[in-house]
Amino acid sequence: MARRVIERPLVIRSGGEELIGILTLPDGGATAPEVGIVFAQSGSRGRVGNTFHYPFFARRFAAAGIPTLRFDPAGLGDSTGAIPTQDMRALYRDIQSGLFTADILAAIDEFLRHAAPRRLLVFGVCGGAASALLAAPRSPRVDGAILLSVPVLLDGPSVSAVDALPKDYAREYLVKNYAKKLLSPRAWLRLLTARSDVRTILQHAVAALKPAARRRRSGDVATARHPNPRFNAQVHAAIDALIARGNRLLLLFGQNDGFRNHWENEFHRLYWDAHPEYARHIEAHTIPGCNHMFTMREWQEQVMELSLAWISSADAAPQARAAGAARTASR
């Protein structure tokens, strides 16, 4: 049975700024709930999310007995502070690099003073997923993360798109995505009627044809680098840090979201097999027909179903271990 929900305003102090948040609580809930959730901002939006889905998620979690906090980081929404005027892609890059990390950590500390859950999760969509992921390893109280449309590539590269693309990577991209379409009349029609991403195709084509990079001298020190210069190494490091301390991650993508392809091609394909802990700690799902921002209520409902099931599976794990230990001891 769903519980009645209570919402209370909250002021969070972070770096001299006052951040405005909303506590969403189950009415009559336990003083020390099993799980609590702190929402990171959704991209460049604050506590409401890009399509007002954060209030929906927060209230649904609270109705299931899970208190939450959503808030506006400094410079957004009702919070004090300012974000310097800049190109939106540059702002997204700053967010993906940890612009709001300190605000999330301050929100976590404030939430724990009010809700005191036994386990704490962070939740974010798009840039908020990146923000939540980068903040999580810096708080010893975080036990896991629910990440929707998490970006693994940085926006707004400081070099030209062609110069930023390695020759081999550009060639592989073209072969994988367009070679099979060369004999497709439908694909040619899309190209000729300007419905294909011609700019991206040309950038990769030029990069694939540029002269090969000079070989390293024998005395040079080789460094293991991701083939895509836009890859966010901080995301990789944060995932490894959380897994190293036993945290679990739930990753949700829309079927029609390009970020899903980035995850599969730029992270999963390169790192998954070499790190067996990923499969034990990361659960990923694709929601059919869904877009990048989970705008439809039916997709948001699926997010809730998957999230609550994932949380329940974590709740059951300690009980199963305890039951197994008791059976072993009784033999």
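It should be noted that the structure appears before, not after, this text.
Fair warning: this is a prediction, and the values are worked out from it, not measured in the lab.

Conventions we followed
- Residues numbered from 1 in each chain as written.
- Predicted model: local features only at pLDDT ≥ 70, side-chain atom pairs only at ≥ 80, totals over all residues.
- Heavy atoms only, no water.
- Buried < 20%, exposed > 50% of the residue type's maximum accessible area, 1.4 Å probe, protein only.
- Helix = DSSP H or I, 4+ residues; strand = E, 2+ residues; numbered from the N terminus.
- Pairing = 2+ DSSP bridges.
- Right-handed = clockwise from strand over helix to strand, strands pointing away.
- Contact = heavy atoms within 4.5 Å.
- Polar contact = N/O pair within 3.5 Å; in protein donor to acceptor, adjacent residues only side chain to side chain.
- Patch = residues over 30% accessible without salt bridge, like charges linked within 9 Å, V, L, I, M, F, W, Y side chains within 5 Å.
- Areas by Shrake-Rupley, 256 points an atom, 1.4 Å probe, with all protein chains shown as cover.
- Salt bridge = Lys/Arg side-chain N within 4 Å of Asp/Glu carboxyl O.
- Core = buried A, V, L, I, M, F, W, Y, C linked by side-chain atoms within 4.5 Å.
- Phe/Tyr/Trp six-rings, centres within 6.5 Å; stacked < 30°, edge-to-face > 60°.
- Lys NZ or Arg CZ within 6 Å of the ring centre and 35° of its normal.

Summarise the pairing of strand E5 (residues 119–125); cite the residues concerned and give the values.
Counting buried residues in E5 gives 7 out of 7 residues, a clear majority hidden from the surface. The two faces of E5 match: Arg119, Leu121, Phe123 and Val125 on one face and Leu120, Val122 and Gly124 on the other face are all buried. Where strand E3 (residues 35–39) meets E5, 5 bridges bridge the pair, whose relative direction is parallel. Residue pairing in the sheet places Gly36 in a bridge with Leu120 of E5. By the bridge criterion, 6 bridges tie E5 to strand E6 (residues 142–148) in an arrangement that is parallel. Within the sheet, the bridge partner assigned to Leu120 lies in E6 and is Val142. The parallel pair E5 and E6, bridged by helix H4 (residues 127–135), forms a crossover whose chirality is right-handed.

Tell me about the environment of Thr295, residues and numbers included.
For Thr295, the position within the fold is in the loop between strand E8 (282–287) and helix H12 (297–330). Thr295 sits in the partly exposed class, given a relative accessible area of 33%. Remark: the alpha-carbon pair of Thr295 and Asn50, spanning 245 residues in sequence, is separated by 8.5 Å. When near neighbours in sequence (up to four residues on either side) are disregarded, Thr295 contacts Thr51 and Gln300. A distance of 2.8 Å separates a polar atom in the side chain of Thr295 from a polar atom in the side chain of Asn291.

A description of a nonpolar patch on the surface should follow, citing residues and the corresponding values.
Taken together, the side chains of Leu182, Leu183, Trp188, Leu191 and Leu192 define a hydrophobic patch exposed on the protein surface, amounting to about 590 Å² of accessible area. Assessed through its relative accessible area of 32%, Leu191 is described here as partly exposed.

I'd like a description of the nonpolar core, backed by residues and values.
Counting residues in hydrophobic clusters, the biggest one holds 73 residues, and the most contacted among them are Phe57, Phe61, Phe123 and Ile239. Of all the elements, helix H3 (residues 101–114) adds the most residues to this core, at 7 residues. Residues contacting Phe123, with those up to four places away along its chain left out, are Ile37, Val38, Phe39, Ala40, Tyr54, Phe57, Phe61, Ala132, Ile146, Leu148, Val303 and Ser307.

So what about the environment of Gly15? Which residues, and what values?
One can find Gly15 in the loop between strand E1 (5–14) and strand E2 (17–26). Classification of Gly15 as exposed rests on a relative accessible area of 82%. As for Gly15 and Gly81, which are separated by 66 residues in sequence, their C-alpha atoms are 9.7 Å apart.

Which residues make up the packing of aromatic side chains, and what are the values?
Under the definition given, this model contains 14 aromatic pairs. Relative to Tyr271, the ring of Phe267 lies with its centre 5.3 Å away and its plane at 65 degrees, an arrangement referred to as edge-to-face. With Phe267 and Tyr271 both in helix H10 (residues 258–271) and 4 residues apart, this pair spans about one turn of that helix. On the accessibility criterion, Phe267 (0% relative accessible area) is buried. An aromatic cluster is built from Phe231, Phe253, Trp263, Phe267, Tyr271, Trp272 and Tyr278, whose rings are joined through pairwise contacts. Here Arg297 stacks its cationic end above the ring of Phe56, 4.1 Å away from the centre of that ring.

Explain the pattern of salt bridges residue by residue, including any values.
Overall, the coordinates contain 13 salt bridges when judged by the stated rule. Among the salt bridges present, the one from Arg13 reaches Glu18, with a minimum N-O distance of 3.4 Å. According to the relative accessible area criterion, Glu18 is partly exposed, its value standing at 36%. Among the ionic pairs, Glu301 bridges to Arg60, the shortest N-O distance being 2.5 Å. With Glu301 in helix H12 and Arg60 in helix H1 (residues 53–63), this pair connects stretches of sequence that are 241 residues apart. Relative accessible area serves as the criterion here: at 27%, Glu301 is assigned to the partly exposed category. On the accessibility criterion, Arg60 (29% relative accessible area) is partly exposed. Through salt bridges that share partners, Glu7, Arg59 and Arg70 make up one connected network.

Just geometry here; none of it tells us what the structure is for.
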